[in-house]
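# A closer look at the structure
This is what each chain is made of:
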Amino acid sequence: MTTRPYAAMRRTLSVVDKLYEVNWGMVLLITIVACIGFAMLYSVAGGNFSPWATTQIIRFLAGFAILVAVSVVDIRTWLSLAYPAYGVSLVLLIGVVIAGHVGKGAERWITLGPLGLQPSELMKISLVLALARFLHGKSVEDISKPANLALALAMIGIPAVFVVLQPNLGTTLIILADGASLLFLAGLSWWWILPALSAVAVAVPTAWQFVLHDYQKRRVLTFLDPASDALGAGWNITQAKIAIGSGGATGKGFLGGTQSKLNFLPEKHTDFIFTNFAEEFGFVGSVALLILFAVIIGYGVQIAGSARSQFGRLLAMGLTLNFFFYIMINASMVMGLIPVVGIPMPLISYGGSAMFSVMFGFGLLMSVHVHRQVEIPRHSGGII
Amino acid sequence: MPLFDRKDKSRYASFTRRSLGMSAGMAAVFAVLGGRLYQLQIRNGNQYMTEAEENRVNQRLLAPPRGRVLDRFGVELANNRRNYRVLLVSEQATEGVEAALDTIGKVIELTDAQKKRVLHDIQMNKKFVPVPVAENLTWEEFARINMHLPYLAGVQPDVGQTRDYPFGVELSPVLGYVASVSPDDKKDADDPLLSLPGFRIGKRGIEKAFDSEVRGTAGASRVEVNAYGRVIRELSRDPGVPGQDIWLTIDKELQTFTAQRMGAESAACVVLDCQTGDVLALASTPGYDPNLFNVGITPDQWKGLITDDHKPLVNKALSGAYPPGSTFKPAMALAAVQNGLKDLHVNCTGAVTLGNHQFHCWKRGGHGGVDLKRGIAQSCDVFFYEVARRLGIDKMEAAARAMGMGATSGIEIPGENSGFIPSAAWKEARFGIPWQMGETLNTGIGQGYVLATPLQLATLAARIASGRAVVPRIAHTVGTIAQPRPLADPLPFTDEAFAAIRDGMNAVCNEGGTASRWRIAEPGMEMAGKTGTAQVRVITKQERSTGVLNDTALPWKMRDHGLFIAFAPVAAPRYALACIVEHGALGHPQVQIAHDVLLFAQKRNPLGMRTAYPTNAALATPPVPLGGHG
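Quick look at the structure, then.

Rules behind the numbers
- Residues numbered from 1 in each chain as written.
- Chains lettered and ligands numbered in written order.
- Predicted model: local features only at pLDDT ≥ 70, side-chain atom pairs only at ≥ 80, totals over all residues.
- Heavy atoms only, no water.
- Pairing = 2+ DSSP bridges.
- Helix = DSSP H or I, 4+ residues; strand = E, 2+ residues; numbered from the N terminus.
- Buried < 20%, exposed > 50% of the residue type's maximum accessible area, 1.4 Å probe, protein only.
- Axes fitted to C-alpha atoms, helices over the stretch in contact; angles between N-to-C directions.
- Parallel < 35°, antiparallel > 145°, perpendicular 65-115°, else oblique.
- Left-handed = near helix turned anticlockwise from the far one by under 90°.
- Nonpolar A, V, L, I, M, F, W, Y, C, P; charged D, E, K, R; others polar.
- Contact = heavy atoms within 4.5 Å.
- Buried area = accessible area lost by both parts, 1.4 Å probe.
- Salt bridge = Lys/Arg side-chain N within 4 Å of Asp/Glu carboxyl O.
- Patch = residues over 30% accessible without salt bridge, like charges linked within 9 Å, V, L, I, M, F, W, Y side chains within 5 Å.
- Areas by Shrake-Rupley, 256 points an atom, 1.4 Å probe, with all protein chains shown as cover.

### Here's the deal with the pairing of strand S14 (residues 351-354) of chain B
Residue and element names in this part refer to chain B.
- By the bridge criterion, four bridges tie S14 to strand S15 (residues 357-360) in an arrangement that is antiparallel. Within S15, the residue paired with Thr-353 across the bridge is Gln-358.
- The hairpin turn running from S14 into S15, its antiparallel successor, is two residues long, and Gly-355 in that turn takes a positive phi close to 60 degrees.

### A few points about helix H15 (residues 381-391) of chain B
- Most of H15 of chain B sits inside the fold, with nine of its 11 residues counted as buried.
- In the stretch just after H15 of chain B, Gly-392 of chain B is the one whose phi turns positive, near 85 degrees.

### Overview of the packing of helix H3 (residues 24-44) of chain A against helix H13 (residues 273-306) of chain A
Residue and element names in this part refer to chain A.
- Relative to each other, H3 and H13 sit at 160 degrees, their axes nearing to 10 Å. Of the possible angle classes, the one that applies to H3 and H13 is roughly antiparallel. The two elements H3 and H13 meet at a crossing, and its hand is left-handed.
- Residue composition of the contact of H3 with H13, grouped by class: 19 nonpolar, four polar and one charged.

### Quick notes on the interface of chain A and chain B
- In this complex, chain A contributes 62 residues to the contact, which on the side of chain B involves 40 residues.
- Here chain A packs against chain B, burying approximately 4,300 Å² in sum over the two surfaces, 71% of which is carbon and sulfur.
- At the boundary of chain A and chain B, one finds zero salt bridges.
- Elements with a contribution of two residues or more to the side of chain A that touches chain B: helix H6 (119-136), helix H7 (140-143), helix H9 (169-185), helix H10 (190-210), helix H12 (233-246), H13 and helix H14 (310-334) of chain A.
- Take the side of chain A that touches chain B: its biggest share by element is 13 residues, from H13 of chain A.
- When the residues that make up the side of chain A that touches chain B are grouped by side-chain class, the tally is 34 nonpolar, 20 polar and eight charged.

### A closer look at a nonpolar patch on the surface
- On the surface, Val-15, Leu-19 and Trp-24 of chain A cluster together into a nonpolar patch covering about 260 Å² of accessible area.
- One can find Val-15 of chain A in helix H2 (residues 15-21).

### What about the packing of H3 of chain A against helix H4 (residues 53-72) of chain A?
Residues and elements named next belong to chain A.
- Put simply, H3 and H4 touch, their axes get as near as 9 Å, and they point 165 degrees apart. In terms of orientation, H3 and H4 fall into the roughly antiparallel class. Pair H3 / H4 crosses with right-handed handedness. When H3 is examined against H4, the residues Trp-24, Val-27, Ile-30, Thr-31, Ala-34, Phe-38, Leu-41 and Tyr-42 are found in contact with a partner set consisting of Ala-53, Gln-56, Ile-57, Phe-60, Phe-64, Leu-67 and Val-68.
- Residue composition of the contact of H3 with H4, by class: 13 nonpolar, two polar and no charged.

Have a look at this one:
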């Protein structure tokens, strides 16, 4: 925390001042976790920088630059960009879903020059931005008004529908969780929340019946009884548990994991990379990594709490929760606590879109931190 | 507009409350994740470690080299040679098993029968078990497979071992053969080798009798495999224990000579060492090539073997039971001398009458005055009717059993027939009819109920020659353990009795007896013997009246069996022999064979003593087995 006087903080800061204000402790932790990721990618490649570690390092460095760049941009600029970003994301998302359906199935990517981009990743950030902006303009009473609520739910629901159509169940869950969390944090009345929870209880079986793809249903069923398909879909869960469990208290040592190196693990460099870490570093290492994540999240919560604007608070908390949901879903999935859905472990799993969206998110979070003293009127910007 | 209105303050408070609540929720989730890690890694860590190890490490069985079978001079009768083969792992055949077989079929020749067998084997085994597709490939074929390997998913070239019988058919009655493990074989056995695809076990003969000794103990290679079963590296290797060698008493040269001498006859011939009971030759013709079974006999070949009326699959030497006919007479003569009938004198008129039944001599006109020696030499039936009448069935049975008949000898080759010696008590129990004197007379000339195997008849000859209760045996040394054979006990007959019987048998061959046309002329190598004819069917009175007076007029299947027992040299017997030629009574081919075999044996090894069995010191370092694994 800075000791600078309030007055100074309210003035427009120079870029150098802003860089000084960046929470470098948190950035350091993020870098440490990313380095663990590089080490794991090196490990699952059998002790090689190629094909994954080097690429990932380059991406992280680019992501790092993005983080710093985003953090110094005034939070009000982000406020004003929130709806356009949301709109662009939605258009890309719908475009890719339609193109995918025209094409050959699960198409989640659009190509922008050398970069493959997943609009669903973009949408996670855009939604938090847009919702934070929308809710920023609403008092507690406003939010619980049906018209406003319906608008907010539409903002959440429309991208969720298109993401689930991709189909990408994991990201859909995160979008819904992010959206619901923001509504809750903004002060949605319990009179809405409790019936909504009841509705979800009804909706789940309905979704099972009509929304989920067969392979998604199979994943769930297999999760409930992995032995039913021990060599098929159950294989992943079984082998992931073996990998984690066989790490024991202190693990098999760096590069010593056999499960991933001998290809018993599926997607060892992406969604299941945590299992390799748990195998090589054991309980001690895994808990330490969880603590690292928890501390980063703690920073995020603290940033949210210290922001003066509701936009900043909601944005920071939404981004933190987004990060948390990533970890929660991925870890629960590889540990066999929930069915397998395709969600990477942030900062550790190999993947460009996820890396950039996570680093962009941290950049926004940092921007909230840097501009935590900035007051934004409820009706600023004049849009809605 | 104030920056912080009342509403802002309230929503700030609400946000703080709720975000703290959510933080608590997140903390709880982290606690759950930590708890789950504890459960997986600490509580169940050992179990998962074992599972990971099981994942990683694959035990591959190594078939040990099968022990060799050697003759008494160390000639390899059964050994192993390299078997270039192709295995298929159905799990890894990504295009499917049938497609894989088609692709293999383009590289090497595969018959439809082979493909069918592979599909069947794959169904019977677990998906990751390699199943043999083709064995005993030529080097060129094997090289072609290796060259095309990149396009053959799931195909594993492999160098195994296969049993080889360098002398094929000649030794089939002794060695038997090896073949695939049947479900029955696995029933009560827990040897993991039995589940190894392509593993062969002994099915007959010495291969079966000593299967556990020659099989050895499975070795194992612990290999690290990846999830696709591909071997990454070998972690450790236990070569297993090679099978033990079996040294037989057989003299391969004598065996070969005997078998070749028997030629195409449906016949059996056994040569024993009179003193030790060592089986020097045990031939049964026609035989089969044991190598056929080893590489997988085709249905046509199998059909040919089982439909052949000369029954090549039957080991006639010890599984065939025949009425011994006159070859039984020396045993009766022994009992006669032992029971004070040494000076029995009978006048043979060609037949004797018992009640209202005529018992004929083979010589229709009769032999006239016959004593013991002449009775044996001329094989006078009337003389032995009188012997039988005087002895009674009980003494005859005792004498026959003392000579090794009516019971299995315990020779180490499975499938031995016990033959049969009747008794009054047996008949009562079996048919509820008292024993008749006529049956006694019939038994006296080796007819009626009496049955003997060629091995038993050879034992009879050996016991007459040595005067001792020699027991045939064929395995001399198993692995490093020589099987000592103490001198057999004397038989319960006087030396005088033996001398008289040998004298009679000498007369058979050397003093104008029934086999004198084929006497061994070489001085000091003379044989003594006894001819015999076993009636396959009785020529009816009606046939006699229509002119079917002897065998020549009958089809082969109905002709009498020709038998002969002998020992040599007469002066100091070493070799005993029994030979039977089925439906071959005419022309006495069995006597000709005996003549040639005994002469060959004596010329080759005059005293019958020479062997090359390993000393115990030599056995301490067993011969180096072939490398490779199966």
